[in-house]
Amino acid sequence: MPNIPRFICKQMARIVPGKTLFGLNTPAFLPFYHTVSNSHLAHVLNYPYRDANTFESELDYLLKYFTPVSLEEFHENPHGSGKKFHLTFDDGLSECAEIIAPILSRKGIPATFFINSDFVGNKALFHRYKASLLLNGLLTDPDSETESFLAKHGIFRNNLLKTPYHQKELIDQAAELLEIDFAAFLKEQQPYMTKSQLKQLHKQGFTIGGHSCSHPEFWLMKKNAQFDEIEKNMEWINRHFEPKIKAFAFPFTDHGVSGKLLNKLVKKQICDLTFGTAGLKFDSVSAHFQRYPVEMPGDFANNLKAEFLYFFLRKWVGKAKVNH
């Protein structure tokens, strides 16, 4: 069922100038991406990533209306006035070092890269990226045996990319049937950044933050397991990069994460800042902020204007805050 208010906002955004919307008082504006590539990435069918030219044009649009700030600057004044943005990237994919960072450096845009410590150096592959490789294989060369095996477990092409962490073994088994070798893919394609690439980003002034160890769905985890996953990931980040601001971005979403846990992370000095993915919204926890997912279908500028319109609509009806 379509989100009718969002649909209306997208239509209205076509006629409302960006200057009008972006100059109004809103929560912190925190757009995030995953990757940028001029090539087909079989492991990233999960979202519409940009090519380099499109990415640059979107950055230019942001720079027209907003001032980029570092994570340290954001931490000093997260609720301050003025149209500022802090840019972030999830998952630690290799294009972050090879394509994204050079563009950001040339344009003078600081950013934070949120990293899954289990994947650094291509030691393992995110279960949803495995699912993407599997779907790509089925689309390229359909195989009835593999599809029948998946169907027995309620997994079909239309929901394959949403396969949860606890079913990752099914993806591994289906990949064997389709003769997809994830270990070979990691070795040959090297989809993730190495530790040395991350250290170079850090040396260049970019921030390195945590994104969990293995990118699980937190809403399916027990509370103690949620804390342990974050603590272990942030220990790895702190040991290798000693960031001035200890930041963690929840994978997928912060749905199912309690305010008690978020406050515990700050109290125990595991994190200075944490982030969700609910878009342009306020949050009930003072050190927790919501980011805006850029990689959506449709026109970038219109999507962005619609997000701001949607915020003001929700604010008008008293629903512009995420409560934990």
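Refer to the structure presented above.
All of these numbers come straight from a predicted model, not from anything done at the bench. (Residues numbered from 1 in each chain as written. Predicted model: local features only at pLDDT ≥ 70, side-chain atom pairs only at ≥ 80, totals over all residues. Heavy atoms only, no water.)

## Some points on a nonpolar patch on the surface
Nonpolar side chains collect at one region of the surface, where Ile4, Phe7, Ile8 and Met12 lie side by side and expose about 400 Å² of accessible area between them. On the secondary structure map, Phe7 appears in helix H1 (residues 4-13). On the basis of relative accessibility, which here comes to 52%, the residue Phe7 falls in the exposed class. (Patch = residues over 30% accessible without salt bridge, like charges linked within 9 Å, V, L, I, M, F, W, Y side chains within 5 Å. Areas by Shrake-Rupley, 256 points an atom, 1.4 Å probe, with all protein chains shown as cover. Salt bridge = Lys/Arg side-chain N within 4 Å of Asp/Glu carboxyl O. Helix = DSSP H or I, 4+ residues; strand = E, 2+ residues; numbered from the N terminus. Buried < 20%, exposed > 50% of the residue type's maximum accessible area, 1.4 Å probe, protein only.)

## Details of the nonpolar core
With 47 residues, the main nonpolar core has Phe89, Leu104, Phe113 and Leu304 as its most contacted residues. Sorting elements by how many residues they give to this core places helix H13 (residues 300-316) first, with eight residues. Discounting residues that sit within four places of it in the chain, Leu104 has contacts with Phe55, Leu59, Leu87, Phe89, Ile109, Ala111, Phe113 and Phe206. If you look at the next biggest cluster of nonpolar residues, it comprises 27 residues, including Leu125, Phe149, Leu150 and Ile155. (Core = buried A, V, L, I, M, F, W, Y, C linked by side-chain atoms within 4.5 Å. Contact = heavy atoms within 4.5 Å.)

## Focus on a positive patch on the surface
On the surface, a cluster of positive charge is contributed by Lys260, Lys264, Lys267 and Lys268. Examined against the element boundaries, Lys268 turns out to sit in the loop between helix H12 (259-267) and strand E8 (273-276). Lys268 sits in the exposed class, given a relative accessible area of 51%. (Lys, Arg positive; Asp, Glu negative; His and termini not counted. Charge placed at Lys NZ, Arg CZ, Asp CG, Glu CD.)

## Concerning empty space enclosed by the protein
Where empty space is left in the structure can be found by rolling a water-sized probe over the atoms. In total, this model carries one cavity of 30 Å³ or more according to the counting rule given. For the largest cavity, the calculated volume is near 30 Å³. Lining the largest cavity, in full, are Asp91, Gly92, Ile115, Asn116, Val120, Tyr192, Met193 and Leu198. Its residues assigned to classes, the lining of the largest cavity shows five nonpolar, two polar and one charged. (1 Å grid on protein atoms, 1.4 Å probe; cavity = no way out; pocket = protein on both sides within 12 Å on 5 of 7 lines; lining within 4 Å. Points joined across faces, edges and corners; volume = space filled by probe spheres on them. Nonpolar A, V, L, I, M, F, W, Y, C, P; charged D, E, K, R; others polar.)

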